[in-house]
Amino acid sequence: MEPFKSVSSIVTPLDKVNVDTDQIVPKQFLKLVQKSGFGKFLFFNWRFDENENKKSDFILNDPKYKNSQILVTGDNFGCGSSREHAVSALLDYGFSVIIAPSFADIFLSNCFKNGILPITLDQQLVEKLQQENGAINVDLENQIIKTPSEEISFGIDSYKKKILLEGLDDIAQTFQYEDKILEFEKESKLPSVL
Amino acid sequence: MGKTLFEKIWESHIVVEKQNDPSLIYIDRHLVHEVTSPQAFEGLRMNNRKVRRPDLTIATMDHNVPTTDRSLPILDQTSSVQIQTLEKNCKEFGIKLFDINSPNQGIVHVIGPQLGITLPGTTIVCGDSHTSTHGAFGALALGIGTSDVEHVLASQTIWLEKPKPFEIRVEGKRKNPHAVTAKDIILSIIKNIGTGGGTGTVVEYRGDGITDLSMEQRMTICNMSIEAGARAGLIAPDEKTFDYLRGRKYTPKNYESLVDFWKDHLKTDSDAKFEKQFTLHIDDIAPQVSWGTNPGMTSDVTESIPSPDEFSKGDSNQKKGAEKALDYMALKPGTAIEDIKIDRVFIGSCTNARLEDLIEASKVIKGQKISPNVQAMVVPGSHMVKKQAEEMGLDKIFINANFEWREAGCSMCLGMNPDILSPGERCASTSNRNFEGRQGTGGRTHLVSPVMAAAAAIKGHFVDVRKMDLS
């Protein structure tokens, strides 16, 4: 995973609540066995009509947001299916920060595993950021979002911050505790499945 | 202070604990399927890693398998590649696989309990959000993403922030338990607490309305915990739980001594504290029908489609969501739910495709024909369910009523195989998600119980199944 760098870009305001992972990546694209290249399927049914022409009324099709790396959206983002393809698609498309009043749990966990920073902020701050026209800066090291007019601090636990900032392979991190895992297994009374 | 059932399971699985940071939790059972695993196995290969505990890992193929004649080749090339990839990966890493021709094949959340792989007090994960189903047995069962699948394959652990315990009490007695089902209970709960109501929590379902339920009905409840946003849902095990698992194919040899231990340990202490609480009284609840594009957008079958104002109770974002949902569903506020005509019926999925579901639905249709305007199918949750149903002659009841009787898999719950809705088609479905395009691009899904789906198939529109003879 690439280390997370500070991000400066305009925000893409996606003014919707309960955006589920079926919308982020529809099921027909889950059959691929590789991890890359999902960006072209992001919000597929919202971006394209039945003839695969771009729908002009969907925000991601507005050229203004072409290089935006920050998605600012509504409550309960990423609900539904556990498909990590949703996070892969957002990242591959170009988003590395997602800001919302709340996220679904599995989606949130998937973000950290792929180098996307999800930030939970109060509804009012989210709505304010959605109105922001200029570029904003997201600084994970100092946990601050800088807009042209203010600075907003945000929370994150130290383990996840470290994983993102250093781009760590978390399996390698876990292997440092192999003796503890072994110890747990020795004491477990539960038999194997087979 | 006492502890909740969830806290007891959590604490007995901590490998590493740090203050204010996630804990490393040991995983007792890992279920694997074809869609969310290929990238995980590829990650292992790239880093030259092994599967730590193949003996705690079980795989099957369910999401994109065809439900038609299994002796024919799979026509969809990408599905075929994904299925072959799972076969190859299981062989390479030494994992037991129930493949498309195995008598044990089926939806992963149906076969786990049926085979005695799911056990009380255990931690279970699968790269699928409906893993919460296994919580019906008093297990902590979590859906995870593909990176975590890789992490569990490599280390048999995951890093998890401790969720908060949430008590949902279901109190009272349903007047007509054949017509008002577990599906109606869980849809009523989600309608009340919302699709984000359980976020960050593990729900424990309690009360006489829960203990009264059979194991298969409890699975329907726990299955949809994720639709309320919960990390997991569980029910304390009791004699019904222990009886269900006794003598199954993979039930452990020392089962009775485990049962003795579980009886003493797997319950919430009387002085335990939950951080959140909700109570549903079920004496008078009606069969439920979803009308929108998330499972919280649900009403009683006796009601009409609500206006977005009425639904949102002043929340402008929810109002916008409801407007958009009604537009997608092509429904107008004020339309009686019983007046909504349907094109398709799907009885299937990890929510409602177990033997009891099929028995109950068959009672509704016995001796009748489905409406000529409706196309209907039954997709049993597993090959074993299909076989048991056939032994009881249920297949004939469905076929005689003009239902299609299919092979086991996830099928039209998510339409990754050829079983999909066409744009604009309206479906009464026993599955768990009515998201836009879930069952096929442009398709319109209404979530209902198996008996409500069967009744709708006969009438060609929704109908209050309480009015029908279910004897």
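Procedures and definitions
Residues numbered from 1 in each chain as written. Chains lettered and ligands numbered in written order. Predicted model: local features only at pLDDT ≥ 70, side-chain atom pairs only at ≥ 80, totals over all residues. Helix = DSSP H or I, 4+ residues; strand = E, 2+ residues; numbered from the N terminus. Rg over C-alpha atoms; globule rule 2.2 N^0.38 Å. Buried ≥ 20, exposed ≤ 12 C-beta atoms within 10 Å, placed from the backbone. Contact = placed C-beta atoms within 7 Å. Pairing = 2+ DSSP bridges. Axes fitted to C-alpha atoms, helices over the stretch in contact; angles between N-to-C directions. Core = buried A, V, L, I, M, F, W, Y, C linked by C-beta atoms within 7 Å. Right-handed = clockwise from strand over helix to strand, strands pointing away.

A few points about the overall build of chain B
Right, on to step 1. A count of helices and strands for chain B gives 16 helices and 19 strands.
Right, on to step 2. Relative to its length of 471 residues, chain B is compact, with a C-alpha radius of gyration of 21 Å against a globular reference of 23 Å.
Right, on to step 3. The principal-axis extents of the C-alpha atoms in chain B amount to approximately 55 × 55 × 45 Å.
Right, on to step 4. Across the 471 residues of chain B, 59% fall into the buried class.
Right, on to step 5. Counting only contacts in chain B whose residues sit at least 6 apart along the sequence, the fraction spanning at least 24 positions is 77%.

Remarks on the interface of chain A and chain B
Right, on to step 1. Listed as interface residues are 46 residues of chain A and, on the opposing side, 63 residues of chain B.
Right, on to step 2. Within the residue set of the side of chain A that touches chain B, elements represented by two or more residues are α1 (21-24), α4 (105-114), α6 (158-166), α7 (170-175) and α8 (178-187) of chain A.
Right, on to step 3. It is α4(A) that provides the largest number of residues to the side of chain A that touches chain B, a total of 6 residues.

Section: the sheet that holds strand β6 (residues 136-139) of chain A
All names here are of chain A.
Right, on to step 1. A sheet is described by the order of its strands in space; here 4 strands give the open sequence β1-β6-β7-β8, paired in antiparallel fashion. Taken across any chain shown, the strands that pair with only one partner, and hence form the sheet edges, are β1 (7-9) and β8 (151-153). Across the sheet, the axes of successive neighbouring strands diverge by a mean angle of 15°, strand direction being ignored.
Right, on to step 2. Pairing analysis gives 3 bridges linking β6 to strand β7 (residues 144-146), with the strands arranged antiparallel.

Quick word on the sheet that holds strand β6 (residues 123-126) of chain B
Residues and elements named next belong to chain B.
Right, on to step 1. Taking strand neighbours across the sheet as the criterion, the 5 strands line up as β5-β4-β3-β6-β7 in an open arrangement whose pairing is parallel. The outermost strands of the open sheet, each flanked by one partner alone, are β5 (96-98) and β7 (140-143). The sheet shows a mean angle of 20° between the axes of neighbouring strands, direction not considered.
Right, on to step 2. Here strand β4 (residues 57-60) pairs with β5 via 3 bridges, running parallel. Bridge pairing in β5 places Thr-60 opposite Phe-98.

A look at the pairing of strand β2 (residues 11-14) of chain A
Residues and elements named next belong to chain A.
Right, on to step 1. Residues Val-11 and Pro-13 point to one face of β2 and Thr-12 and Leu-14 to the other, with burial holding for every one of them.
Right, on to step 2. Bridging between β2 and strand β3 (residues 70-73) involves 4 bridges; their strand directions are parallel. Looking at the pairing, Leu-14 lines up with Thr-73 of β3.

Considering the nonpolar core
Right, on to step 1. Counting residues in hydrophobic clusters, the biggest one holds 190 residues, and the most contacted among them are Leu90(A), Ile98(A), Leu140(B), Val345(B), Ala453(B), Ala456(B) and Ala457(B).
Right, on to step 2. The dominant element in this core, judged by the number of residues it contributes, is helix α16 (residues 450-459) of chain B, at 8 residues.
Right, on to step 3. Aside from chain neighbours lying at most four places away, what touches Ile98(A) is Leu71(A), Thr73(A), Phe77(A), Leu90(A), Cys111(A), Ile116(A) and Pro118(A).

Quick notes on the pairing of strand β16 (residues 375-378) of chain B
Residue and element names in this part refer to chain B.
Right, on to step 1. With burial as the criterion, only one face of β16 is covered, namely that bearing Ala-376 and Val-378; the residues Gln-375 and Met-377 on the opposite face remain uncovered.
Right, on to step 2. Here 4 bridges tie strand β15 (residues 344-347) to β16, and the two strands are oriented parallel to one another. For Ile-347, the partnering residue across the bridge sits in β16 and is Val-378.
Right, on to step 3. Note that the unit made of β15, helix α13 (residues 355-365) and β16 has a crossover that is right-handed.
Right, on to step 4. Where β16 lies against strand β17 (residues 403-405), 3 bridges are found, and the strand directions are parallel. Across the sheet, Met-377 pairs through a bridge with Glu-404, a residue of β17.

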